[in-house]
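Now for the letters of each chain:
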Amino acid sequence: MFPLCPGPPSAQLGTTPNIKHIVVGRCYNYITVVNPGLRFDCEDIWRQFEESVVRQSSFNVTVDYHRMFYATPQTWPCDRCLFWSKTKRLVHSYTAVERHFWTLEDTLVGYMFNDLVWCGQEEDSGFDFSSCPAWAACRHHPVYSLWRQASQNFAEMACGNITVLLNGSISNAFNRKSMFGSVELDGLDPRRVDYVNIKVVTDLEGPFIESCSQGSVVDLIQILRSRGFRWTCTDNDETLMILQCIQNPKQSSCQKCA
Ligand code: N1C
């Protein structure tokens, strides 16, 4: 089982220009402004990252980022983890108001690499700024490998009450090939996690395809049950609907109180 290949975050072919400045700058921002007091060596983290990516001689090898993760030991409130699948934009407006949640992008590694693209070159020792391998080869794509390893760590660390936000406007809201369904779910430890709170949210105007009692979400609940997790499931959580109304106030379903 391996994750889907949803395509790069933006329509660019090669490594994001100025990636070193972006990553090192985000790192300093994180340890200075976002989470002041953390002591990390941003230059060293970059070095470990760069060496992992550019040292690989072939694209058919999964990049091993363990040295970079080793340089970024971080603990976070494990009982506030928020997982998601196919709801990235909504999740981040949600965490902006529900500030106690932690997504992977709130950790240093997730923060540094969010929305970036990178790959090395077959024969050279630098990044390839003109093109990166097709996402069809995603199991070995250096971007995918990083999210896969980061997602695994994030899930293994989770404890207490955790939440997952799924998209009820698509079929297979819970997809066994997604990062959540293939890596994170299997990484959760029923001895550490008390409750898995599922939230299924649809677009305001639909389509209304999946819910807590319909479609692949039922399969997720079945898996959780069989592994001994306790769970709850909520359709169209009020805060999530209000957030969508803020982004789109003219929607007819947002006019109820007018
Ligand atoms: O495959 P997905 O969703 O189910 O992955 C989302 C899942 C979340 O719970 C996160 O903890 O996995 C973690 N995660 C990220 O935080 C993340 N940020 C950016 C996984 N992937 C992440 N990305 C990029 O989005 C990455 O390039 C990957 O390929 C997509 C997966 O998004 P998805 O298919 O919506």
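Criteria and cut-off values
Residues numbered from 1 in each chain as written. Predicted model: local features only at pLDDT ≥ 70, side-chain atom pairs only at ≥ 80, totals over all residues. Heavy atoms only, no water. Buried < 20%, exposed > 50% of the residue type's maximum accessible area, 1.4 Å probe, protein only. Helix = DSSP H or I, 4+ residues; strand = E, 2+ residues; numbered from the N terminus. Contact = heavy atoms within 4.5 Å. pLDDT = per-residue confidence, 0-100. Polar contact = N/O pair within 3.5 Å; in protein donor to acceptor, adjacent residues only side chain to side chain. Pairing = 2+ DSSP bridges. Right-handed = clockwise from strand over helix to strand, strands pointing away. Expected span 1.5 Å × (residues − 1). Core = buried A, V, L, I, M, F, W, Y, C linked by side-chain atoms within 4.5 Å. Salt bridge = Lys/Arg side-chain N within 4 Å of Asp/Glu carboxyl O. Axes fitted to C-alpha atoms, helices over the stretch in contact; angles between N-to-C directions. Parallel < 35°, antiparallel > 145°, perpendicular 65-115°, else oblique. Left-handed = near helix turned anticlockwise from the far one by under 90°. Nonpolar A, V, L, I, M, F, W, Y, C, P; charged D, E, K, R; others polar. Near = heavy atom within 4 Å. Areas by Shrake-Rupley, 256 points an atom, 1.4 Å probe, with all protein chains shown as cover.

### So, helix α4 (residues 88–97)
Because an α-helix completes one turn every 3.6 residues, residues spaced three or four positions apart along the sequence face the same direction. Burial in α4 covers these residues: Leu-90, Val-91, Ser-93, Tyr-94 and Thr-95. On its buried face, α4 is in contact with β1 (82–85), β2 (160–167), β3 (193–201) and α9 (238–247).

### Describing the confidence of the model for the chain
Looking at the chain as a whole, its pLDDT mean stands at 92, while 92% of the residues score no less than 70. Across the interface, the model reports ipTM at 0.94; the global pTM reads 0.93.

### Things to note about the environment of Arg-176
For Arg-176, the position within the fold is in the loop between β2 and α7 (179–187). Considering only alpha carbons, one finds Arg-176 and Lys-20, 156 residues apart in sequence, at a separation of 34 Å. There is a polar contact of 2.6 Å between the side chain of Arg-176 and the backbone oxygen of Gly-181. For Arg-176, the side chain forms a polar contact with the side chain of Asp-186, separated by 3.5 Å.

### Regarding the pairing of β2
Along β2, seven of the eight residues are buried, which leaves the element largely enclosed by surrounding structure. Sheet topology note: the β1/β2 ladder contains four bridges and is parallel. Paired with Ser-85 across the two strands is Leu-166, which belongs to β2. With eight bridges connecting them, β2 and β3 associate as parallel partners. Note that in β3 the partner of Thr-163 across the bridge is Asn-197. For the crossover from β2 across α7 to β3, the handedness is right-handed.

### Side note on helix α2 (residues 42–55)
Taking 1.5 Å per residue as the helical rise, α2 with its 14 residues ought to reach 20 Å, and the 20 Å between its terminal C-alpha atoms agrees with that figure. Inspection of α2 places Cys-42, Ile-45, Trp-46, Gln-48, Phe-49, Ser-52, Val-53 and Val-54 among the buried residues, and these make up the whole buried set.

### Examining the nonpolar core
Counting residues in hydrophobic clusters, the biggest one holds 64 residues, and the most contacted among them are Phe-49, Phe-83, Phe-113, Trp-118 and Ile-198. Discounting chain neighbours no more than four positions away, the residues touching Ile-198 are Val-164, Leu-166, Val-217, Leu-220, Ile-221, Leu-224, Thr-232, Cys-233 and Thr-234. Core analysis: the next-biggest nonpolar cluster, separate from the first, contains 12 residues, Leu-82, Leu-90, Leu-165 and Cys-245 among them.

### Details of the pattern of salt bridges
If you walk through the whole model with that rule in mind, you get seven salt bridges. For Lys-88, the salt bridge identified is with Asp-115, shortest N-O distance 2.9 Å. On the criterion of sequence distance, the pair formed by Lys-88 in helix α4 and Asp-115 in the loop between α5 (108–113) and α6 (142–157) is long-range, its members being 27 residues apart. The class of Lys-88 is partly exposed, set by a relative accessible area of 28%. Look at the salt bridges and you will find they share partners, linking Arg-176, Asp-186 and Arg-227 into a network.

### Points about the packing of helix α1 (residues 19–34) against α2
In the contact formed by α1 and α2, the axes pass within 9 Å of each other and the chain directions differ by 140°. The angle between α1 and α2 places the two elements in the oblique class. Crossing handedness for the pair α1 and α2: right-handed. Taken together, the residues of α2 that come into contact with α1 (itself represented by Ile-19, Lys-20, Val-23, Val-24, Cys-27, Tyr-28 and Ile-31) are Cys-42, Glu-43, Ile-45 and Trp-46. Within the contact of α1 with α2, the residues separate by chemical class into nine nonpolar, no polar and two charged.

### A closer look at the site of the ligand
Taken together, 15 residues lie around the ligand, and Ser-85, Lys-86, Glu-105, Met-179 and Glu-184 are the ones closest in. In the model, an oxygen atom of the ligand is placed 2.6 Å from a nitrogen or oxygen of the Ser-85 side chain. Lys-86 places a polar side-chain atom, nitrogen or oxygen, 2.3 Å from an oxygen atom of the ligand. When isolated, the ligand has an accessible area of 600 Å², and the protein chains bury 93% of it.

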